[in-house]
Amino acid sequence: MRTTTRLGVATAAFAATAIALTGCAAGSAGGTGTTAATSSTASGPAIDLSGACPATVVVQTDWNPEGEHGHLYQMLGPDPTIDASGKTVTGDLYANGKSTGVKLEIRAGGPAIGYTKVASQMYQDKDITLGYMSTDEQVQFSGNLPTTAVFAENDESPMSIMWDPKTYPKVDSIKSLGKALEKDGGVVRYFNGAAYMTYLQQSGILPKKVLDGSYDGTPAKFVSAGGKDAQQGFATAEPYIYQNQVAAWGKKVDYALVSSTGWNPYPEAMSVRTGDLSKLEPCLKKLVPVMQQADVDYLKSPGATNDLITKLVQQYNNGWTYDSKVGAFAAKQMVKLGLAKDTDGYIGSMDEQRMQDFIEKATPVFAGTGDVKSGLKPSDLYTNEFLDKSIGLGS
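Given the structure is predicted, the values throughout are model-derived calculations rather than measurements.

**Brief notes about the confidence of the model for the chain**
Part 1 of the reasoning: On average, residues of the chain score 91 in pLDDT, and 89% of them are at 70 or above.
Part 2 of the reasoning: When the criterion is pLDDT under 50, residues 8-37 qualifies, and its contacts beyond four places in sequence or with other chains add up to 70 contacts.

In structure tokens:
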């Protein structure tokens, strides 16, 4: 599960008000096919994953389908099968516009799995090949549920804190926002239990008196506060949604990335159970470059994949609202803000020193709440060995 839930899971009563987000039409409840194809149509040599990889590569995501997951849905070939009741989609795994000889099954997370943590889900169901793991959760569960990240499709998290620029015109950072809120009696509303908020408080970036863990995923309290309060959000969604789809607000918001404060985990990195790394090595050598290229292809031309994501959201029909316009905004923001970038001249790599710095920040945050491995080191959490250094946004 995402460490902080996304906007859009509103109650039926709230969804009926003018504040509700633009809804998506309900789809069927059974297994359904779709003729929508993703944009995995780039030409290139055929890649054969059969034999090296499982017959069906199963990926457990941490939330409902959205633009940040675009690289995954980009790999689905034409006519994938949607299981609306199971919240999964399965199709041929494509690379360079051709089938790789194996299937790809993408499972929604969050409400689809009862908000179970992805690490727990991966260890409960050994059919899962890879799962979305952010570095903070990797650290938190490194003792009993160890995972190893093999590809970071985004370099930074879109998690942000947003505020009304008219109310706070001089605010230019999360720290200055905290001072302004403390002076004016406002709060930062967030999902209770968020690890990053514990860090922001412990490090003195946000005073305890401005923290309010009552955020419920709807715009109601932010709108009713009239700009006095700030709120957690995602830089890839809320700035567009609040300006264009929340009728009761209908104007710009300012925001700052949480990563700018020093809490900078790799978000939703493709990860395997650490004990399975050696067994999966032949597969990962071939599959990880395919994921890299799919990420690049999605960010350069996200339209068709966003249409598929929208169709999935409609058919899963679990209260999550998302459409292709938000997906288009997300893809642009990921590149514009440097959330997705070629950090070492290629996409998907992770940095040892950054991992070490994060371990040092995160360990005290999770003291007594998680299962942090004693003597945890960066090599316990990731490897760059399967990445193709020739694949990047600049290539």
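**Quick look at the state of the cysteines**
Cysteine pairs can be linked by a disulfide, which is a covalent bond between their two sulfur atoms.
Part 1 of the reasoning: Per the counting criterion, the structure on display carries one disulfide.
Part 2 of the reasoning: In this model, Cys53 is linked to Cys283 through a disulfide, with the two sulfur atoms separated by 2.0 Å. Between Cys53 and Cys283, the S-S torsion sits near 95°, and that sign places the bridge as right-handed. Taken together, the positions of Cys53 in the loop between β1 (31-33) and β2 (56-60) and Cys283 in helix α9 (residues 277-300) put the pair 230 residues apart, joining distant regions of the chain. This pair shows no difference in class: Cys53 is buried, exactly as Cys283 is.

**Describing the packing of helix α6 (residues 195-202) against helix α12 (residues 352-365)**
Part 1 of the reasoning: Where α6 contacts α12, the axes come no closer than 10 Å and their chain directions differ by 95°. As far as their axial angle goes, α12 and α6 are roughly perpendicular. Along the contact surface, α6 presents Ala195, Thr198, Tyr199 and Gln202, while α12 presents Lys361, Pro364 and Val365.
Part 2 of the reasoning: A breakdown of the residues in the contact of α6 with α12 according to their chemical character gives four nonpolar, two polar and one charged.

**Brief notes about the packing of aromatic side chains**
Part 1 of the reasoning: Inspection of every chain in the model, using the stated rule, returns nine aromatic pairs.
Part 2 of the reasoning: Ring centres of Trp320 and Tyr322 lie 5.7 Å apart, and the angle between their planes is 20°; this geometry places the pair in the stacked category.
Part 3 of the reasoning: These aromatic residues form a ring-pair network of at least three members: Trp63, Tyr115, Trp320 and Tyr322.
Part 4 of the reasoning: The cationic tip of Lys251 hangs over the ring face of Trp249; the distance from NZ or CZ to the ring centre is 4.5 Å.
Part 5 of the reasoning: Between the NZ or CZ atom of Arg354 and the centre of the ring of Tyr266, over which it lies, the distance is 3.7 Å.

**A few points about the pairing of strand β5 (residues 98-107)**
Part 1 of the reasoning: In this sheet, β5 lies alongside β2 in parallel orientation, the contact comprising five bridges. Bridging from a neighbouring strand, Val59 pairs with Ile106 of β5.
Part 2 of the reasoning: Judged from the seven bridges that link them, strand β4 (residues 88-95) and β5 form a sheet pairing that is antiparallel. The residue bridging Tyr94 from the neighbouring strand is Ser99, located in β5.
Part 3 of the reasoning: Counted between consecutive antiparallel strands, the loop separating β4 from β5 contains two residues, among which Asn96 sits at a positive phi close to 55°.

**Focus: the pattern of salt bridges**
Part 1 of the reasoning: Within the structure shown, the criterion is met by 14 salt bridges.
Part 2 of the reasoning: Notably, a salt bridge pairs Asp276 with Arg273, separated by 2.7 Å at the nearest N-O pair.
Part 3 of the reasoning: Among the residues examined, Arg273 registers a relative accessible area of 6% and is labelled buried.
Part 4 of the reasoning: What you see here is one network of salt bridges that share partners, running through Asp155, Glu156, Lys341 and Arg354.

**So, the sheet that holds strand β10 (residues 211-212)**
Part 1 of the reasoning: On the basis of which strands lie adjacent, the open sheet formed by five strands has the order β10-β9-β11-β8-β12 and mixed pairing. Of all the strands in the sheet, the pair left with one neighbour each is β10 and β12 (254-257).
Part 2 of the reasoning: The pairing of strand β8 (residues 159-163) with strand β11 (residues 230-234) spans four bridges and is antiparallel. Across the sheet, the residue bridging to Ile161 is Gln232, located in β11.
Part 3 of the reasoning: Packing against the sheet, helix α5 (residues 174-184) makes contact with β8, β9 (188-189), β11 and β12, and its axis sits at approximately 40° to β8.
Part 4 of the reasoning: The strands touched by α6 are β8, β9, β10 and β11; relative to β8, the strand with the most contacts, the crossing angle is about 65°.

**Quick word on helix α10 (residues 303-316)**
Part 1 of the reasoning: Taking 1.5 Å per residue as the helical rise, α10 with its 14 residues ought to reach 20 Å, and the 20 Å between its terminal C-alpha atoms agrees with that figure.
Part 2 of the reasoning: Residues Thr305, Asn306, Leu308, Ile309, Thr310, Leu312, Val313, Gln315 and Tyr316 constitute the buried set of α10.
Part 3 of the reasoning: The positive-phi residue at the C-terminal boundary of α10 is Asn317, with phi of around 50°.

About the cut-offs
Residues numbered from 1 in each chain as written. Predicted model: local features only at pLDDT ≥ 70, side-chain atom pairs only at ≥ 80, totals over all residues. Heavy atoms only, no water. pLDDT = per-residue confidence, 0-100. Contact = heavy atoms within 4.5 Å. Disulfide = S-S within 2.5 Å. Helix = DSSP H or I, 4+ residues; strand = E, 2+ residues; numbered from the N terminus. Buried < 20%, exposed > 50% of the residue type's maximum accessible area, 1.4 Å probe, protein only. Axes fitted to C-alpha atoms, helices over the stretch in contact; angles between N-to-C directions. Parallel < 35°, antiparallel > 145°, perpendicular 65-115°, else oblique. Nonpolar A, V, L, I, M, F, W, Y, C, P; charged D, E, K, R; others polar. Phe/Tyr/Trp six-rings, centres within 6.5 Å; stacked < 30°, edge-to-face > 60°. Lys NZ or Arg CZ within 6 Å of the ring centre and 35° of its normal. Pairing = 2+ DSSP bridges. Salt bridge = Lys/Arg side-chain N within 4 Å of Asp/Glu carboxyl O. Expected span 1.5 Å × (residues − 1).

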